[in-house]
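The lines below spell out each chain.
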Amino acid sequence: MPGKWIKVVELDGFQKTYKYVHRRKEVALFKLDDGVYALDNSCSHEYSPLCEGMIVDGDVYCPKHGSRFDVRTGAVKDYPATRPVASYPVKVEDGVVYVKI
Ligand code: FES
């Protein structure tokens, strides 16, 4: 499905993470040194909110059991999760973050 660009938040409107809800889908934004990335906010293990996780070297650690995901791709890098989380395209225009959902 192609998706549609959704205006989410101003780039200066959050520090490291931001949770956005679109039609009951929660998306977590992560601000890294090289840009902003968007993942499904729900951990693929037991659905904890990844936007509350710790970010280290471009990876987010799930706050519940510590699974590690690549913020840029959603790939799993450490257990107990075994499945990736969805990632979404992000663009920043005129200081505003858009996510293609
Ligand atoms: S809910 Fe995320 S690692 Fe268990």
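Preceding this paragraph is the structure being described.
This report concerns the structure included in the present document. Bear in mind the structure is a predicted one, so any value in this text is a computation, not a measurement. (Residues numbered from 1 in each chain as written. Predicted model: local features only at pLDDT ≥ 70, side-chain atom pairs only at ≥ 80, totals over all residues.)

**A few points about the sheet that holds strand β10 (residues 90–93)**
Piece 1. Strand order in the open sheet formed by 3 strands is β1-β11-β10, with antiparallel pairing between adjacent strands. Among the strands making up the open sheet, the edge pair consists of β1 (5–10) and β10. On average, adjacent strands in this sheet sit at an angle of 30 degrees to one another, irrespective of strand direction.
Piece 2. When β1 meets strand β11 (residues 96–100), the two strands line up antiparallel, connected through 5 bridges. Its bridge partner lying in β11, Ile6 is registered against Val99. (Pairing = 2+ DSSP bridges. Helix = DSSP H or I, 4+ residues; strand = E, 2+ residues; numbered from the N terminus. Axes fitted to C-alpha atoms, helices over the stretch in contact; angles between N-to-C directions.)

**Focus: the environment of Thr73**
Piece 1. Looking at the element boundaries, Thr73 is found in the loop between β7 (68–70) and β8 (76–78).
Piece 2. Distance in space between the C-alpha atoms of Thr73 and Ser87 is 5.9 Å, their sequence separation being 14 residues.

**Describing the pairing of β11**
Piece 1. Burial of the side chains of β11 is restricted to one face: Val97 and Val99 are buried, whereas none of Val96, Tyr98 and Lys100 on the reverse face is.
Piece 2. Where β10 and β11 come together, 4 bridges link them in antiparallel fashion. Its bridge partner lying in β11, Lys91 is registered against Tyr98.
Piece 3. Where β10 hands over to β11, the hairpin turn is made up of 2 residues, of which Asp94 adopts a positive phi near 50 degrees. (Buried ≥ 20, exposed ≤ 12 C-beta atoms within 10 Å, placed from the backbone.)

**With respect to unusual backbone geometry**
Piece 1. Between Tyr79 and Pro80 the backbone carries a cis peptide bond, its omega angle lying at 15 degrees.
Piece 2. Among the structural elements, Pro80 can be located in the loop between β8 and β9 (87–88).
Piece 3. A positive phi is found at Arg23, a non-glycine position, where the angle reads about 50 degrees.
Piece 4. Within the secondary structure layout, Arg23 lies in the loop between β2 (17–22) and β3 (25–32).
Piece 5. Residue classification places Arg23 among the exposed residues on the basis of 6 C-beta atoms within 10 Å.
Piece 6. A positive phi angle, near 50 degrees, is found at Asp57, a position not held by glycine.

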